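Listed here are the chains, written in short residue letters.
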Amino acid sequence: DTAREYFAQRLQLPSESVVVHGVAGAVAGLAATSATCPAENVKTVLQALPHLSNAQACRQIFNLGGFRAFFRGWIPLYAKLGPHTLVTFIVLEQLRLQWSSMTPS
């Protein structure tokens, strides 16, 4: 709700606007992608080399490209997660609005 209010104020739109929900969803997609990209890269190494432990996979990724290597593939991952998160935010907020208008206060 804090992010929604922030974007509503910055965009000068009502907080219940679909545009505000879309922007909040897109930003949430950025956060989700940044949080999950390292785990996706470790998972990929573990699938290719199943004999490695998680720690060994992390070391291998780090040795091949440093800290930035954990974020390799960030853009394709955002292309997958971004639209999903955006649509999820819009749908859930619209459902919440509909539900709140149907229930007695």
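Everything here concerns the structure above.
The subject of this paragraph is the overall build of the chain. Assigned secondary structure in the chain consists of 4 helices and 0 strands. Along its sequence from the N terminus, the chain presents helices and strands in the succession α-α-α-α. The C-alpha radius of gyration computed for the chain amounts to 19 Å, which surpasses the reference 13 Å derived for 105 residues by more than 25%, pointing to a less compact arrangement than a globule. With respect to the principal axes defined by its C-alpha atoms, the chain has extents near 55 × 30 × 20 Å. Put simply, the chain has 105 residues, and 25% of those count as buried. Considering only contacts within the chain whose residues lie at least 6 apart along the sequence, 57% involve residues at least 24 apart. In the form shown here, the chain has an accessible surface area of approximately 7200 Å², with 66% of it arising from carbon and sulfur atoms. Charge centroids of the chain, computed over 8 positive and 5 negative side chains, lie 17 Å from each other.

Looking now at a nonpolar patch on the surface. Residues Val 87, Val 91, Leu 92 and Leu 95 make up a contiguous nonpolar surface patch of about 360 Å² in total accessible area. Here Val 87 shows up in helix H4 (residues 74-102).

Axis separation between helix H2 (residues 18-48) and H4 bottoms out at 7 Å; the angle between their running directions is 140°. The angle between H2 and H4 places the two elements in the oblique class. Crossing handedness for the pair H2 and H4: right-handed. Looking at side-chain class alone, the contact of H2 with H4 contains 15 nonpolar, 10 polar and 2 charged residues.

What follows is about the environment of Gln 98. As for its position among the elements, Gln 98 is in helix H4. Given the relative accessible area of 47%, Gln 98 is considered partly exposed.

As a further point, take the pattern of salt bridges. Per the counting criterion, the structure on display carries 5 salt bridges. A salt bridge links Glu 5 to Arg 4; its shortest N-O distance comes to 3.8 Å. The exposure class of Glu 5 is partly exposed, given its relative accessible area of 40%. For Arg 4, a relative accessible area of 9% puts it in the buried group. In this structure, the salt-bridge partner of Glu 93 is Arg 96, at a minimum N-O distance of 2.8 Å. Here the residue Glu 93 and the residue Arg 96 both occupy positions in helix H4, the gap between them amounting to 3 residues, near one helical turn. On the accessibility criterion, Glu 93 (15% relative accessible area) is buried. Counted as one network, the salt bridges with shared partners bring together Arg 4, Glu 5, Glu 16, Glu 93 and Arg 96.

Here is what the cut-offs are and how they apply
- Residues numbered from 1 in each chain as written.
- Predicted model: local features only at pLDDT ≥ 70, side-chain atom pairs only at ≥ 80, totals over all residues.
- Heavy atoms only, no water.
- Helix = DSSP H or I, 4+ residues; strand = E, 2+ residues; numbered from the N terminus.
- Rg over C-alpha atoms; globule rule 2.2 N^0.38 Å.
- Buried < 20%, exposed > 50% of the residue type's maximum accessible area, 1.4 Å probe, protein only.
- Contact = heavy atoms within 4.5 Å.
- Areas by Shrake-Rupley, 256 points an atom, 1.4 Å probe, with all protein chains shown as cover.
- Lys, Arg positive; Asp, Glu negative; His and termini not counted.
- Charge placed at Lys NZ, Arg CZ, Asp CG, Glu CD.
- Patch = residues over 30% accessible without salt bridge, like charges linked within 9 Å, V, L, I, M, F, W, Y side chains within 5 Å.
- Salt bridge = Lys/Arg side-chain N within 4 Å of Asp/Glu carboxyl O.
- Axes fitted to C-alpha atoms, helices over the stretch in contact; angles between N-to-C directions.
- Parallel < 35°, antiparallel > 145°, perpendicular 65-115°, else oblique.
- Left-handed = near helix turned anticlockwise from the far one by under 90°.
- Nonpolar A, V, L, I, M, F, W, Y, C, P; charged D, E, K, R; others polar.

These figures capture arrangement, not role.
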